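Understanding the architecture of this molecule
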Amino acid sequence: MGSVSIPLDHVLLLSALLFICGLLGLMMRRNIIFILISLEVMLNSSAVAFVAAGARWGQPDGQIVFMLILAVAAAEVAVGLGLVLQIQRRFKSLDMDDANRMRG
Amino acid sequence: MLKLLPLIPLFPLVSSIILMVTLGKLPKRMVAILGAGSVGMAALITLLVGLAFMETGQPHHQVLWTWMRVGEFSPDIAFYLDGLTLVMMSVITGVGFLIHLFSTEFMEDDNSFSRYFAYLNMFVFAMLILVMADNLLLLYLGWEGVGACSYLLVGFWYQNPDNGAAARKAFVVTRIGDTAMAVGLFLLFTELGTLDIQPLAEAAKSQWEVGDTLPVVACLLLLGGAVGKSAQLPLHTWLPDAMAGPTPVSALIHAATMVTAGVYLIARTHELFLLAPPAMLAVALVGLITSLMAAFTALNQHDIKRILAYSTISQIGYMFLALGVGAWAAGIFHLVTHAFFKALLFLAAGAVIHCLHHEHNIFKMGGLRTRLPVVFWSFLIGSAALAALPLTSGFFSKDMILLQAYELPGVGPWLWVGGLLGALLTAMYSFRLVFVVFFGETKMEPDKQPGVRMAVPLSLLCVLALVGGFFALPLVPLASAFPVASEHHPSHLIEGISIAVPLIGLAIAYFIFLGGQWKVDGLVNSASGQMLRKFWFSGWAMDWLYDKFWVQPYKSLTHLLRRECMDDIYNTIVKFCQLLYRVFSYTQAGRLRWYATSMVFGMIVVIALLQGVI
Amino acid sequence: MLELVLFYTASTIALVATILALTRANATHALIYLILSLLAVAVIFYIIGAPFAAALEVVIYAGAIMVLFIFVIMMLNLGDKGDRREKQLLKPQIWITPVIFTLVLLVELVLVLSQSAPAEIQGLVTPKQVGLTLFGPYVLAVEIASMLLLAGLVGSYHLGRRYLEEGRENSSRGRS
């Protein structure tokens, strides 16, 4: 390891592509489970960027932020899935276009 | 003794407040005692204070408390007593007391007896504040106070809408002048930094040169206020209509005191006017023109009170003329004598009206000489003094004015000629009134005689009107208030002419209205004569003119604005806001994907901005 | 050399698996693809010298969090009711705006990346270094993360409890 280095740009590009995929999913899917999956993808992509940046400088800080992201993702998924249960109970559907009671 | 000064306005104020809070529940006797007695007490204290003042002759200054403090502006509630103030106070309380006494009988049958005296006492209070004020702001308080009381008393019989309209007219027209005066006060304060009258005069003398623009502007603004209050051209139209009020009110407010407030104001601020010769000339011209126009109008009226009202306008015009030529003492002297004889005339007219079932038309009266002797003699003496027949009080004051006008270099003789013409007309209309009402055949029988409470004030005022000229002049300590005019003895010819003119006027009136030697019917009934008559009868068509040029355009403007075209602007704003609301509420679609998309859009823009792509 | 090959292979797998995960109609299938993607990312972490992060990715992300997802999906017991509506995905008015936006964003990101000077990965960061840093300068972040997790715990318990209670009532009613 370390003999042939990987260009940082490529890792960051991968992160950007993963982020874009998550974003696209967020904007196009109506099922709340898929929306949550999209969010996970986006969080993961940012984690990739952080770890790569930390590795670029040989410092552990990037991985620490990655652990914070893990904590955020865990909390978000826990609350998000709780919401999924509520939405299923109230609207008998997981389609977010049905849950539009906050329409102005 | 001088310490009693604040008591003078306090008595009428307390009485007025008592009458107001008791809501007319007091018995009439009590009201009469309270209303007239309080002014009587004020007159008594004025006498004491006056005697004390005469001993020293030094102006007396008394600060009660500081009214308000705004930055460097801290006017006091303070009184200033000098000769001028004392004269005014004497007139207000003295003549005021006699008129109050007269009112107790005149208003006896009125249901609102208590309200009447409450207003009248309040008026006396406000008028006293006006003349005693040490600074122009306190003076302005009294000034507005008398305006409000005048409004209330002109519209006293408010059940008749015409009276209400007259009251409103009086209020609104004087308000125009008051606004000018307020602007003048602002100007004086910003330029000189004080409104206290004595320091103001000192500051003006040290800061301004004679003939500067600022004093002229300030004086013209003050003149605007004086013109409104004193019913001079062009704001004189309210006074004839103000006769809608009870006759004693006309005597007190619209003849003796309030309408002369303008004269007082100019006399009080004469040091400013001395710095502004153009303003002085304006005062003189306004006075002369008003005096002549009002005299012509008075000659054509047939309502007894309107004749007296136009006569008042004319006489105040004389006072303005006196002020304009710098004859301050003469102007104030005429103010005093005018207060005597015009109050007398109004009260006598009130007695006539009282005894003749509220008849106002002089051509329906006649031959009252034998029926109402007391009233006849009062009226005769009042008219003689008004016409300035020799040895009456009016003669001395008018003579002084005319002589001093004559001595003014430049336009003086012309003013003198105009004044003489006015004197001729004054004699004509005053004796026309006497001849038509009291001589000739009897057309109406009076149903009652004036009682003692009417007769006593009339007799006292008769005495004052007759001999006031003798004792008032040396007694009145005006010398301390004004620069002494140099003594001149004009030629006997001038003296003779000014004595002869009123007599000529009397003779003309006799020949036309009583003796019948001169037949003027043909002249009057000719087409041009009729037109001129109508023109003069309407008071030189001033009301018509104002109606066409001010009231109608204003009314059409209000009709235009009734459509609320201003509101359209605001409605447009409201509509725009509603549109925005619809647009933004549309974005709150409640769809998660839409929110996500808009967030992405924001992200794009932010990144582009950060990277300087855009 | 091997690392480069491994990196690009893993990257490709991660991308493709992500795309597949987000286009599935069935949630369970999608989750399987997502786990695949996460595992590929773990490989990448390992290659760029972050073995500790790779381990956490596998254990917590692909393990714990995804299992949570699967549990919930099993609890909901979804049929293929929602699948039909997802077919609308093919309509242009649904996807045209998001696609344009994301393409613009991608272009911007690429532009941003191309501006930075080329740099290379330095090398290994051992778990020991991570641990020392985490409980050294970053101890406050640990506290914050624990608070966040506690909040998530309370929140999810509160939200999920009613569902469970109602389900129990429904089942008891069915029995009686």
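Criteria and thresholds
Residues numbered from 1 in each chain as written. Chains lettered and ligands numbered in written order. Predicted model: local features only at pLDDT ≥ 70, side-chain atom pairs only at ≥ 80, totals over all residues. Helix = DSSP H or I, 4+ residues; strand = E, 2+ residues; numbered from the N terminus. Buried ≥ 20, exposed ≤ 12 C-beta atoms within 10 Å, placed from the backbone. Contact = placed C-beta atoms within 7 Å. Expected span 1.5 Å × (residues − 1). Axes fitted to C-alpha atoms, helices over the stretch in contact; angles between N-to-C directions. Left-handed = near helix turned anticlockwise from the far one by under 90°. Nonpolar A, V, L, I, M, F, W, Y, C, P; charged D, E, K, R; others polar. pLDDT = per-residue confidence, 0-100. Core = buried A, V, L, I, M, F, W, Y, C linked by C-beta atoms within 7 Å. Parallel < 35°, antiparallel > 145°, perpendicular 65-115°, else oblique.

Describing the overall build of chain A
If you tally the helices and strands in chain A, you get 3 helices and 0 strands. Each helix (α) and strand (β) of chain A, taken in turn from the N terminus, gives the series α-α-α. Across the 104 residues in chain A, those meeting the buried criterion constitute 57%. Long-range pairs, those at least 24 residues apart, make up 47% of the contacts in chain A between residues at least 6 apart in sequence.

Examining the overall build of chain C
Check the secondary structure of chain C and you find 7 helices and 0 strands. Expressed as a percentage of the 176 residues in chain C, the buried residues total 27%. Long-range contacts, defined as pairs at least 24 residues apart, comprise 53% of the intrachain contacts of chain C with a sequence gap of at least 6.

Considering the interface of chain A and chain C
Listed as interface residues are 66 residues of chain A and, on the opposing side, 71 residues of chain C. Contributing elements (two or more residues each) for the side of chain A that touches chain C: helix 1 (8-28), helix 2 (32-57) and helix 3 (61-91) of chain A. A total of 23 residues in the side of chain A that touches chain C trace back to one element, the largest contributor, which is helix 3 of chain A.

Considering helix 15 (residues 328-355) of chain B
All names here are of chain B. Taking 1.5 Å of rise per residue, the 28 residues of helix 15 would be expected to cover 40 Å, and the 40 Å separating its terminal C-alpha atoms lies within 8% of that figure. With 27 of 28 residues buried, helix 15 lies mostly within the body of the structure. With its phi angle positive at about 55°, His357 sits one or two positions after the end of helix 15.

Some remarks on the environment of Thr392 of chain B
By the secondary structure assignment, Thr392 of chain B is in the loop between helix 17 (373-386) and helix 18 (393-407). Leaving out residues up to four positions away in the same chain, Thr392 of chain B has contacts with Ala384, Ala385, Ala465, Leu466 and Gly469 of chain B.

Concerning the environment of Tyr264 of chain B
All names here are of chain B. Among the secondary structure elements, Tyr264 is positioned in helix 11 (residues 261-268). The class for Tyr264 is buried, based on 27 C-beta atoms found within 10 Å. Taking the C-alpha atoms as reference, Tyr264 lies 9.3 Å from Leu130; in sequence the two are 134 residues apart. Those residues in contact with Tyr264, other than ones at most four positions away along the chain, are Met88 and Val131.

Examining the packing of helix 15 of chain B against helix 17 of chain B
All names here are of chain B. Contact geometry of helix 15 with helix 17 gives a least axis separation of 9 Å together with a crossing angle of 145°. With respect to the hand of their crossing, helix 15 and helix 17 are arranged in left-handed fashion. Contact residues: Thr337, Phe341, Leu344, Leu345, Ala348, Ala351 and Val352 in helix 15; Val375, Ser378, Phe379, Ile381, Gly382, Ser383, Ala385 and Leu386 in helix 17. Taken together, the residues of the contact of helix 15 with helix 17 sort by class into 11 nonpolar, 4 polar and no charged.

Observations regarding the confidence of the model for chain C
Mean pLDDT over chain C works out to 83, with 85% of the residues at or above the 70 mark. For chain C, helix 4 (residues 81-86) of chain C is the element with the lowest average pLDDT, namely 55, and helix 2 (residues 27-47) of chain C is the one with the highest, namely 92.

So, the confidence of the model for chain A
This prediction gives chain A a mean pLDDT of 86; 91% of its residues lie at or above 70. Ranking the elements of chain A by mean pLDDT puts helix 3 of chain A last, at 89, and helix 2 of chain A first, at 91.

Some remarks on unusual backbone geometry
All names here are of chain B. Residue Pro234 is bonded to the preceding Leu233 through a cis peptide linkage, with omega at 0°. Here Ala231, not a glycine, exhibits a phi torsion of approximately 55°, which is positive. Note that Ala231 resides in the loop between helix 8 (213-229) and helix 9 (238-241).

Points about helix 4 (residues 113-132) of chain B
Relative to the 28 Å expected for 20 residues at 1.5 Å per residue, helix 4 of chain B spans 29 Å between its end C-alpha atoms, a close match to the ideal helical length. Most of helix 4 of chain B is tucked away, with 19 of its 20 residues classed as buried.

What about the nonpolar core?
If you look at the biggest cluster of nonpolar residues, it comprises 201 residues, and the most contacted ones within it are Phe123, Ala343, Leu344, Leu347 and Val352 of chain B. By residue number, the principal contributor to this core is helix 15 of chain B, which donates 20 residues. For Phe123 of chain B, the residues in contact, after removing those within four places along its chain, are Val146, Cys149, Leu153 and Ile253 of chain B. If you look at the next biggest cluster of nonpolar residues, it comprises 82 residues, including Leu8, Ile33 and Leu94 of chain A together with Phe45 of chain C.

Considerations on the packing of helix 10 (residues 247-256) of chain B against helix 14 (residues 304-324) of chain B
Residue and element names in this part refer to chain B. Where helix 10 meets helix 14, the axes come as close as 11 Å, and the angle between the chain directions of the two elements is 10°. When the axes of helix 10 and helix 14 are compared, the pair comes out roughly parallel. Each of Thr247, Ser250, His254 and Ala255 in helix 10 lies in contact with helix 14, whose residues at this interface are Lys305, Ala309 and Thr312. By residue class, the composition of the contact of helix 10 with helix 14 is 2 nonpolar, 4 polar and 1 charged.

Topic: the environment of Ser37 of chain C
All names here are of chain C. Position of Ser37 among the secondary structure elements: in helix 2. Classification of Ser37 as buried rests on a count of 26 C-beta atoms within 10 Å. Sequence separation between Ser37 and Ser11 is 26 residues; the distance between their C-alpha atoms is 8.9 Å. Discounting residues that sit within four places of it in the chain, Ser37 has contacts with Ala14, Ala17, Thr18 and Ala21.

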